[in-house]
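# Structural overview
The lines below spell out each chain.
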Amino acid sequence: MTITSERPVARAPENRRVNELNAYFATLDDTVRRVFRGRVDADYMESNRGLPPFVLRDIMAARPLRAFVPDQYGGFGDDPMAIQGMLDVMSYQSMSLGLMMGINGALFVQPVAKYADPQVAERILTRMAEGHAMGGLMITEPEYGTDALSMRTSWTRNGEGYAINGTKHWAGLTGWADYWLVMARPQGEDGTLSQGVDLFICEQDHPEQRIEVVSRYPNLGLYGIPYGRNHIDVEVPLDHRLNGGRGGLRMMLDVLHHSRMQFPGMAIGFLRRLADEAVRHTRERAVSGSSLIDYDQVQARVARMQGRLALVSALSLYAIEHAGADVDLSREAVASNAAKTVCSDYMHDSAQSLLQLVGARGYATDHIAGRSVVDARPFQIFEGSNDVLYAQIGSRTLEQMRKRKTDRLGDELRADYPEAVDLAGLGAELDVTISERPAQRRIVDLGIIVSRLHALTALAEIARRGFPADHVAAGAGTAGEEIRHRLTALRSDVPLTPASAPLGASSWMPYIAS
Ligand SMILES: Cc1cc2nc3c(=O)[nH]c(=O)nc-3n(C[C@H](O)[C@H](O)[C@H](O)COP(=O)(O)OP(=O)(O)OC[C@H]3O[C@@H](n4cnc5c(N)ncnc54)[C@H](O)[C@@H]3O)c2cc1C
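Quick notes on the rules
- The numbering scheme is per chain: residues are counted from 1 as the chain's sequence reads.
- For this predicted model, a pLDDT threshold of at least 70 governs which residues receive local features, and a threshold of 80 or more governs which side-chain atom pairs are given and counted, while totals over whole chains, interfaces and linings are taken from all residues.
- The side-chain figures draw on all heavy atoms in the structure; neither hydrogens nor water molecules are used.
- Each helix corresponds to a stretch of at least 4 residues labelled H or I by DSSP, and each strand to a stretch of at least 2 residues labelled E; elements are numbered beginning at the N terminus.
- Atoms counted for the radius of gyration: C-alpha only. Globule rule: 2.2 Å times residue count to the power 0.38.
- Contacts are assigned to residue pairs that have any heavy atoms within 4.5 Å of one another.
- In summary, the pairing rule links any two rings of Phe, Tyr or Trp, Trp by its six-membered ring, whose centres are within 6.5 Å, and it sorts them by plane angle into stacked for under 30 degrees, edge-to-face for over 60 and tilted for everything else.
- Only protein chains enter the calculation, and the probe is 1.4 Å; a residue is then buried if its accessible area is under 20% of its type maximum, exposed if over 50%, and partly exposed in between.
- Any Lys NZ or Arg CZ found within 6 Å of a ring centre and within 35 degrees of that ring's normal is scored as a charge over the ring.
- The rule for a residue being near a molecule or strand is that one of its heavy atoms must lie within 4 Å of it.
- Polar contact is the term for a pair of N or O atoms within 3.5 Å; when the atoms are in protein, one must be able to donate a hydrogen and the other to accept it, and sequence-neighboring residues count only if both atoms are side-chain atoms.
- Gly falls in the polar group here, along with every residue not listed as nonpolar (Ala, Val, Leu, Ile, Met, Phe, Trp, Tyr, Cys, Pro) or charged (Asp, Glu, Lys, Arg).
- Segmentation of the chain into domains, including their bounds, is taken from an automatic or database domain assignment.
- Defined in terms of a 1.4 Å probe, buried area is the accessible area two parts forfeit on being brought together, summed over both.
- By salt bridge we mean one thing: a side-chain nitrogen of Lys or Arg within 4 Å of a carboxyl oxygen of Asp or Glu.
- UniProt positions are given in the numbering used here, feature names are shortened, and annotations may be inferred rather than shown by experiment.
- Each patch groups residues whose relative accessible area exceeds 30% and which form no salt bridge, using 9 Å between like charges and 5 Å between nonpolar side chains of Val, Leu, Ile, Met, Phe, Trp and Tyr.
- All accessibility values rest on the Shrake-Rupley procedure with a 1.4 Å probe; residue burial counts only the protein chains present in the view.
- Neither His nor the chain ends contribute to the count of charged residues, in which Lys and Arg are positive and Asp and Glu negative.
- Think of each charge as sitting on NZ of Lys, CZ of Arg, CG of Asp or CD of Glu.
- Strands are labelled as partners when DSSP assigns at least two bridges between them.
- Think of a 1 Å grid over just the protein atoms. A cavity is a set of points where a 1.4 Å probe fits yet cannot get out, a pocket is an open set with protein on both sides within 12 Å along at least five of seven lines, and lining residues have an atom within 4 Å of a point.
- Grid points are joined across faces, edges and corners, and a volume is the space filled by probe spheres set on the points.

### Regarding the overall build of the protein
The helix and strand inventory of the protein stands at 16 helices and 9 strands. Taking 514 residues into account, the globule formula puts the C-alpha radius of gyration at 24 Å, and the protein, at 24 Å, falls close to it. Dimensions of the protein, computed from the C-alpha atoms along their principal axes, are close to 75 × 60 × 55 Å. Expressed as a percentage of contacts within the protein between residues at least 6 apart in sequence, the contacts between residues at least 24 apart total 75%.

Given below as structure tokens:
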């Protein structure tokens, strides 16, 4: 199968290392194409767990992690343009590969570069820039996922260092990573855990820092990445604790918000691939004497897939211009949560659409359509469940409305997102009155509306700079449709409550007309 899609080309701004970046993207693109399209069949490889040794070896030899690594350690200076472009190239060929780079970069390299002891950072990041090592982040515990701040993993001072104890699970690269960042809470002498969290580097080449894999998980998708449950009983030196300056919580938010800003990079390659596949398939496949692409409903699906790609492209540019390594994003909850939720929802929606368009032949683990459905799904769960992040975005808007003493949503949104409202052609339908205490589900609707307006604002900006008008129109139409749908839900708040008793088998039996 030949995939013809342009590799990302860095053109602006002029004063950047544009040639260097383009050469970097070209090398990466050639490498992943050769590995995923040449030596093995990618569909066969991705329907089996793990990655053949030569795949990892060849990919890492192209030194993809340089995108995240500061100049002084042999990288591109943690340049957002390099990061977004590299993730795009990787995710186009394989979502596992794109996420693997995202884990290494956003969840390990960036926090270490920013917050670790400089000598420790230099030693580790130089190896990672050269492609000789990988790293990941352990936050989640079996009993504490969304509620991570209540985690039970603890740290105590033990003289020459820190002792860390606990159980973590679902950390990407379980059993593979050479380095881990482990999040833990301080434990007092009486055994009680204090508020707050800290991050520690654990080096797997050192026996006393080694994390034990207790079991491996049969993850539904993303077969290229290992997951599992880990037992932590380690001792690390004093210089392995990250220092956030303004506290561990602020550091955690900065790390997570930076990571969420990388989602457009992963999503753009994935959505580009799905859109390419959809266009190719619907042109080639004839049903009932017509090409699929001639059916109106098919055109609507393809247009939405392209619209999502345009919106995510705009978010990618937004991340490049607003989420540089040095920027403290700890307070940028709306922008980073919107980037994460919009990208992951769009990945899921486009994957579902591609599978629908391809039909039965796509419902297989060795087909990109089927695989993409299960590969995209967890992006809505990890790094903050989308339902929870939407509720946070919606709550922020409600807070602002309270401060401005208004219950008129339209006034609020027109003031904050004028270009987005204009681009989506939103008019009187925005004029919804919001009650004093809306139900959580309505706050989620509000969060979805605001996140789409944020993406539309980015789209308006990229449109002003000359982004192709038909793609802008598809993006505006796609997000506009979603916003209108949620506004309807806000306007007519239909009560929907879970029933107390479950239905049994053949629950219709008593109601058969005699
Ligand atoms: C493929 C994959 C990769 C992952 N990678 C990593 C990793 O690299 N490192 C790491 O530390 N962790 C990782 N995780 C774990 C991930 O971050 C957690 O799964 C996530 O935080 C959710 O936690 P949980 O699974 O315990 O779900 P829970 O916290 O039990 O939440 C389940 C669901 O309950 C609902 N919910 C929860 N709270 C609320 C609320 N307040 N209001 C409304 N609804 C709510 C939401 O729908 C939520 O999705 C990964 C998970 C997956 C599936």
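### What to know about the packing of aromatic side chains
Scanning all chains against the criterion turns up 11 aromatic pairs. Ring centres 5.9 Å apart and planes at 80° place the aromatic pair Phe263 and Phe379 in the edge-to-face group. Pair noted here: Phe263 is in helix H8 (residues 263-284) and Phe379 is in the loop between helix H11 (368-376) and helix H12 (386-403), with a separation of 116 residues, a long-range link. On the basis of relative accessible area, Phe379 is assigned to the buried category, the value being 0%. Members of the aromatic cluster, connected to one another through ring pairs, are Tyr24, Phe25 and Phe76. For Arg49, the ring lying beneath its charged end belongs to Tyr223, and the centroid distance is 4.2 Å. Here the guanidinium or amino end of Arg157 rests over the ring plane of Tyr162, the centre of that ring lying 5.9 Å away.

### What to know about the site of the ligand
Within the structure, the ligand sits among 18 residues, and Ile139, Thr140, Thr146, Trp170 and Ser385 are positioned closest to it. Within the backbone of Ile139, a nitrogen or oxygen atom sits 2.7 Å from an oxygen atom of the ligand. Within the contact set of the ligand, a nitrogen atom lies 3.0 Å away from a side-chain nitrogen or oxygen of Gln440. Going through the elements one at a time, strand S1 (135-138) and H12 are the ones with two or more residues in the shell around the ligand. Class assignment of the residues belonging to the shell around the ligand gives a composition of 10 nonpolar, 6 polar and 2 charged. For the shell around the ligand, the domains that each give at least three residues are domain 2 (135-243) and domain 3 (245-493).

### Considering the domain arrangement of the protein
Taken as a whole, the protein is organised into domain 1 (9-133), domain 2 (135-243) and domain 3 (245-493). With 27 residues of domain 1 in contact, the opposing surface of domain 2 contributes 25 residues. Buried surface at the junction of domain 1 and domain 2, both sides included, amounts to about 2,200 Å², of which 65% is carbon and sulfur. Of all residues in domain 1, Arg49, Ile103 and Phe108 bury the most surface against domain 2, accounting for 25% of the area lost on that side. Put simply, domain 1 and domain 2 have 1 salt bridge between them. Measuring nitrogen to oxygen at the nearest pair gives 2.9 Å for the salt bridge that ties Glu203 to Arg123. Applying the counting rule to domain 1 against domain 2 returns 7 residue pairs in polar contact (both at pLDDT 80 or more). Residue assignment for the side of domain 1 that touches domain 2 shows that the elements contributing at least two residues are helix H5 (95-115) and helix H6 (118-129).

### Looking at the UniProt feature "domain: Acyl-CoA dehydrogenase/oxidase N-terminal" (unreviewed entry) in the protein
Those residues carrying the UniProt feature "domain: Acyl-CoA dehydrogenase/oxidase N-terminal" (unreviewed entry) are residues 28-131 in this numbering. Across residues 28-131, the secondary structure splits into 70% helix and 0% strand, with the terminal C-alpha atoms separated by 13 Å.

### Comments concerning a nonpolar patch on the surface
On the surface, Trp508, Met509, Tyr511 and Ile512 cluster together to form a nonpolar patch covering roughly 530 Å² of accessible area. By secondary structure assignment, the location of Met509 is in the segment after helix H16 (469-491). By relative accessible area, Met509 is classed as partly exposed at 48%.

### Points about a negative patch on the surface
Together, Glu160, Glu208, Asp233 and Glu235 line one region of the surface with negative charge. Relative to the helices and strands, Asp233 is located in strand S7 (residues 228-237).

### Some points on the pattern of salt bridges
Considering all chains together, one arrives at 28 salt bridges under this definition. Of the charged contacts, one joins Asp58 and Arg57 as a salt bridge, the two residues approaching to 3.1 Å between their closest N and O atoms. Taking relative accessible area as the criterion, Asp58 reaches 16% and is therefore assigned buried.

### Regarding the pairing of S1
Residues of S1 alternate between two faces, with Gly135 and Leu137 on one and Gly136 and Met138 on the opposite face, all of them buried. Relative to strand S4 (residues 179-186), S1 is paired through 4 bridges, and the arrangement is parallel. For Met138, the partnering residue across the bridge sits in S4 and is Val182.

### Some points on the side chain of Arg66
Structurally, the position occupied by Arg66 is in the loop between helix H3 (53-61) and helix H4 (80-93). Although Arg66 is buried, it makes no salt bridge; Glu20 carries the closest opposite charge, 5.8 Å away. Not counting residues within four places of it along the chain, the set of residues in contact with Arg66 comprises Tyr24, Gly74, Gly75, Phe76 and Ala129.

### What to know about empty space enclosed by the protein
Space left empty within the atom packing is revealed by a probe, the size of a water molecule, rolled over the atoms. Evaluation of the coordinates by the stated rule reveals 3 cavities of 30 Å³ or more. Here the largest cavity defines a volume of roughly 80 Å³. Taken together, 13 residues line the largest cavity, and the ones lying closest to its centre are Ser94, Met95, Phe270, Ile368 and Asp375. Breaking the lining of the largest cavity down by element, the ones donating at least two residues are H4, H8 and H11. When residues in the lining of the largest cavity are grouped by element, the largest group, 4 residues, is from H11. When its residues are assigned to classes, the lining of the largest cavity shows 5 nonpolar, 4 polar and 4 charged. Counting only domains with at least three residues in the lining of the largest cavity, you end up with domain 1 (9-133) and domain 3 (245-493). Here the second largest cavity is characterised by a volume of approximately 50 Å³. What lines the second largest cavity is Pro80, Ile83, Gln84, Gln110, Met261, Gln262, Ala319 and Ala323. The dominant element in the lining of the second largest cavity, judged by the number of residues it contributes, is H4, at 3 residues.

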